[in-house]
Amino acid sequence: MTDPADARPDPGPDAGPPGTGPAGATPAQTSEPPPRRPRWRRPLIETVVTILVALLLAGLGRVFVFQAFWIPSASMVPTLSVYDRVLVQKAFFSWHDVREGDIVVFSEPPLDHCGGEAGDLVKRVIALPGQTIYSSGNSIYVNGRRLAEPYLPGDDPLGPPIASSQHPYRVPAGKFYMLGDNRADSCDSRYWGPIEGSTIVGKVVLTWWHNGRPDFHTF
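This structure is a prediction, so every number in the text was calculated from the model and none was measured.

Scoring rules and cut-offs
- Residues numbered from 1 in each chain as written.
- Predicted model: local features only at pLDDT ≥ 70, side-chain atom pairs only at ≥ 80, totals over all residues.
- Heavy atoms only, no water.
- Disulfide = S-S within 2.5 Å.
- Helix = DSSP H or I, 4+ residues; strand = E, 2+ residues; numbered from the N terminus.
- Buried < 20%, exposed > 50% of the residue type's maximum accessible area, 1.4 Å probe, protein only.
- Pairing = 2+ DSSP bridges.
- Polar contact = N/O pair within 3.5 Å; in protein donor to acceptor, adjacent residues only side chain to side chain.
- Contact = heavy atoms within 4.5 Å.

> For the state of the cysteines, give the residues involved together with the corresponding values.
On inspection of all chains with the given rule, the structure shows one disulfide. Sulfur-sulfur distance for the disulfide between cysteine 114 and cysteine 187 comes to 1.6 Å. For the disulfide bridge between cysteine 114 and cysteine 187, the dihedral angle about the S-S bond is near 50°, and by the sign convention the bridge is right-handed. Taken together, the residues cysteine 114 in the loop between β3 (103–106) and β4 (121–127) and cysteine 187 in the loop between β9 (175–179) and α2 (189–192) connect sequence positions 73 residues apart. Judged by relative accessible area, cysteine 114 falls into the partly exposed class, the value being 38%.

This is the structure:
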């Protein structure tokens, strides 16, 4: 595309050779050419448009691909501390992709009466739809097998128990059993039951601020 400053209107079929003006007219009778536009205008417009497009794409990425969250409570200590910042994958992810041990953000369950501000929650997935779960001492058993939890400290107390070995709890279809890593101080599925898979916002994939300092850690 030619620059507007380098193009002039077509003078029409009655025009004479360049520099002679319209046919039958002397050079003195020709009109003055239109003033040139400043050459800095086009680069400035291109820069502004580029910035606007970048901001638009960043906004779309935030809404549809990734979203940053901060952690308001101690329910996921030591994995996530209060005021930690995490990045949550929302696109190319559905609740059908959720696996045991994933940390996910989800909408507040309707039976959550633990207090605190309403909003999205973050917990760890412990049992999947159709699996059974119970606790014995500080250990958790899923489908009859003791759950290995290397992300917890060795002396982490469980707090309120989960069902029993004689009467394990079976997670309903389409739902997930959630626990906080800070088991003794977490309001989770032990209080408000399993969550609907459709309420899962996304999966935590990165911590970029931990314990008051930059700390990049993927999940």
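> How would you explain unusual backbone geometry if you had to name every residue and give the values?
The omega torsion of the bond from valine 77 to proline 78 falls at 10°, within 30 degrees of zero and hence cis. Even without glycine at this site, asparagine 143 takes up a positive phi of about 55°. Tracing the chain through its elements places asparagine 143 in the loop between β6 (139–142) and β7 (145–146). Residues other than glycine seldom take positive phi values, yet asparagine 211 does so here, at roughly 55°. Along the chain, asparagine 211 falls in the loop between β11 (200–210) and β12 (213–218).

> Got a sec to walk through the sheet that holds β6? Specific residues and values, please.
Ordered by their spatial adjacency, four strands build an open sheet running β7-β6-β5-β8, and the pairing between neighbours is antiparallel. Edge positions in the sheet fall to β7 and β8 (169–170), since each of these pairs with one other strand and no more. Bridge analysis of strand β5 (residues 132–136) against β8 gives two bridges, and the strand direction is antiparallel. Residue pairing across strands places threonine 132 opposite arginine 170, the latter belonging to β8.

> Explain the side chain of glutamine 131 residue by residue, including any values.
Along the chain, glutamine 131 turns up in the loop between β4 and β5. Under the relative-accessibility criterion, glutamine 131 is labelled buried at 13%. A polar contact of 2.8 Å, which involves the side chain of glutamine 131, links it to the side chain of glutamate 100. Apart from residues no more than four positions distant in its own chain, glutamine 131 is found in contact with Glu100, Ile126, Val142, Asn143, Tyr169, Arg170 and Val171.

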